[in-house]
Amino acid sequence: MGQLIKATEEILEFQKLLKDLQNGKSNLFAYGISDSQRAYLAAALKKRAGSQVLVVTADSLEAKKIMEDISFFLGAESVAIFPASSVLPYETAARSLEHTAQRLKVIESLLLRKPMVVVAPIQALLSKMIPPEVVKKFTIRFRVGETIPMAETISKLSAMGYERVDMIEGRGQFAVRGAILDIYPLTREYPYRLEFFDDEVDSIREFDPEDQRSINKLVDTYIGPAREVIYDEDTAKAASIVIAKELKQRQKVLESLGHMQLSQYLSEKVQSHIERLSNGLFFETAELYISHLYPSLSTLMDYFKSQFIPILIEPGRIKEAQKNAAFETEETYKGLLEKGEILAS
């Protein structure tokens, strides 16, 4: 496929587009190109500019299709889809582990500054995320020969959202047996086994969790969070205090309107969350309190390099999809607020 990309050197319109981008021009339009040509254009820009590229679509089906088309030109390892959350903002339903894993994989690749194409439906770009610096804080780099205290590592893995078990069986778990630490990241096909000599990393291996056999030896590796919303004990405790104050204010409003049962229901629900946060514990619907945990939030675009190329596929359709997504989110928020399922913020 390299020859196909190289052919863009002979297309004057492409050369002008590339030069305009390199000169910092924006709001550039390409008309009259087919679906496959869009993918070819995105692939060529990534290859020629050597940059990260964000392709935005109006919906998930279109994102999947163009991601597959770009993969044809660049290979599957150079392109990834960032899916919209499996549930709407403010909803209390459980998140899909598959969706979470895919989103975390993209986040990890972007923070490692990998040159790649990310395809995302506009709905995925609208969702608020914890800031990139927080994700970096909750990422561990292991390297053979380096010293990292085992006790500190165990504590940090728990704060990163990993579940401690006797023997790992699935992603998002870790296990400790003497000087051996097993970790199964959400973003990896296989778990890692780290052997320590005192506090020094002696070896790092991928292994098959079914038969425990080693697959590959590594010199180093990065372990990212096992959840999209992560926090340490201090952050959680601070958030619990703010939430408790807001709960009291919301109860006063409900009770002034004569909604005594609704006030009681909301109190019982939120108090259980406050208790978990005050103890630094994770729970399924912690995302409801993301703005209490981190007042300054980010979007996917904040995870890209400062210089990246955004491509909007049919901006008119994207604008309409953005309006529809905002309306759906607003209606969901109103409904849950009226039922006493969430706080006002």
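This is a predicted model, so every value here is computed, not measured.

Chemist: What's the story with the side chain of Thr 235 in this structure? I'm lost.
Modeler: Here Thr 235 lies in helix α9 (residues 233–256). Owing to a relative accessible area of 19%, Thr 235 belongs among the buried residues under this scheme. Of the polar contacts made by the side chain of Thr 235, one reaches the side chain of Asp 232; its length is 2.7 Å. Among residues more than four places away in sequence, those in contact with Thr 235 are Leu 293 and Tyr 294.

Chemist: Quick question: what am I supposed to make of the pattern of salt bridges here?
Modeler: Between side chains of opposite charge, a pair can form when the charged atoms approach closely. A complete count under the given rule lists 18 salt bridges for this structure. Here Glu 341 ties to Lys 269 by a salt bridge, and the two come within 3.1 Å at their closest N and O atoms. Pair noted here: Glu 341 is in the segment after α12 (315–338) and Lys 269 is in helix α10 (residues 260–278), with a separation of 72 residues, a long-range link. Residue Glu 341 is classed as buried on the basis of its relative accessible area of 18%.

Chemist: Could you clarify how one ought to interpret helix α5 (residues 97–111) in this entry?
Modeler: Three- or four-residue spacings in an α-helix give side chains the same orientation, since the helix completes a turn every 3.6 residues. With 15 residues, α5 should reach 21 Å at 1.5 Å per residue; the first-to-last C-alpha distance of 21 Å fits that figure. Three or more residues of α5 are buried, namely Thr 100, Ala 101, Arg 103, Leu 104, Val 106, Ile 107, Glu 108, Ser 109, Leu 110 and Leu 111. Considering only its buried residues, α5 is in contact with β1 (52–57), β2 (79–81), β3 (117–121), α6 (122–126) and α7 (132–137).

Chemist: Honestly, the side chain of Asp 232 in this entry has me stumped. Any pointers?
Modeler: Within the secondary structure layout, Asp 232 lies in the loop between β11 (220–223) and α9. In this structure the side chain of Asp 232 is engaged in a polar contact, spanning 2.9 Å, whose partner is the side chain of Lys 137. Apart from the residues lying within four places of it in its own chain, the contact partners of Asp 232 are Lys 137 and Phe 138.

Chemist: What am I meant to see in unusual backbone geometry here?
Modeler: Both trends apply: most residues other than glycine have a negative phi, and most peptide bonds are in trans. If you check the backbone angles, Arg 113 has positive phi at about 60° while not being a glycine. Inspection of the secondary structure puts Arg 113 in the loop between α5 and β3.

Chemist: Help me understand the nonpolar core, please; the structure alone is not making it clear to me.
Modeler: A general trend in soluble globular proteins is that nonpolar side chains are found buried together. Counting 72 residues, the largest nonpolar core has Phe 142 and Leu 300 as its most contacted members. The biggest single contributor to this core is α5, with six residues. Look past the residues within four positions of Phe 142 in its chain and what remains in contact with it is Ile 148, Thr 153, Leu 181, Ile 183, Leu 194, Phe 196, Val 201, Ile 204, Val 219, Asp 220, Thr 221 and Ile 223. Among the nonpolar cores identified, the runner-up in size contains 21 residues, and Ala 43, Val 53, Val 79 and Val 117 belong to it.

Reading guide: rules and limits
Residues numbered from 1 in each chain as written. Predicted model: local features only at pLDDT ≥ 70, side-chain atom pairs only at ≥ 80, totals over all residues. Heavy atoms only, no water. Helix = DSSP H or I, 4+ residues; strand = E, 2+ residues; numbered from the N terminus. Buried < 20%, exposed > 50% of the residue type's maximum accessible area, 1.4 Å probe, protein only. Polar contact = N/O pair within 3.5 Å; in protein donor to acceptor, adjacent residues only side chain to side chain. Contact = heavy atoms within 4.5 Å. Salt bridge = Lys/Arg side-chain N within 4 Å of Asp/Glu carboxyl O. Expected span 1.5 Å × (residues − 1). Core = buried A, V, L, I, M, F, W, Y, C linked by side-chain atoms within 4.5 Å.

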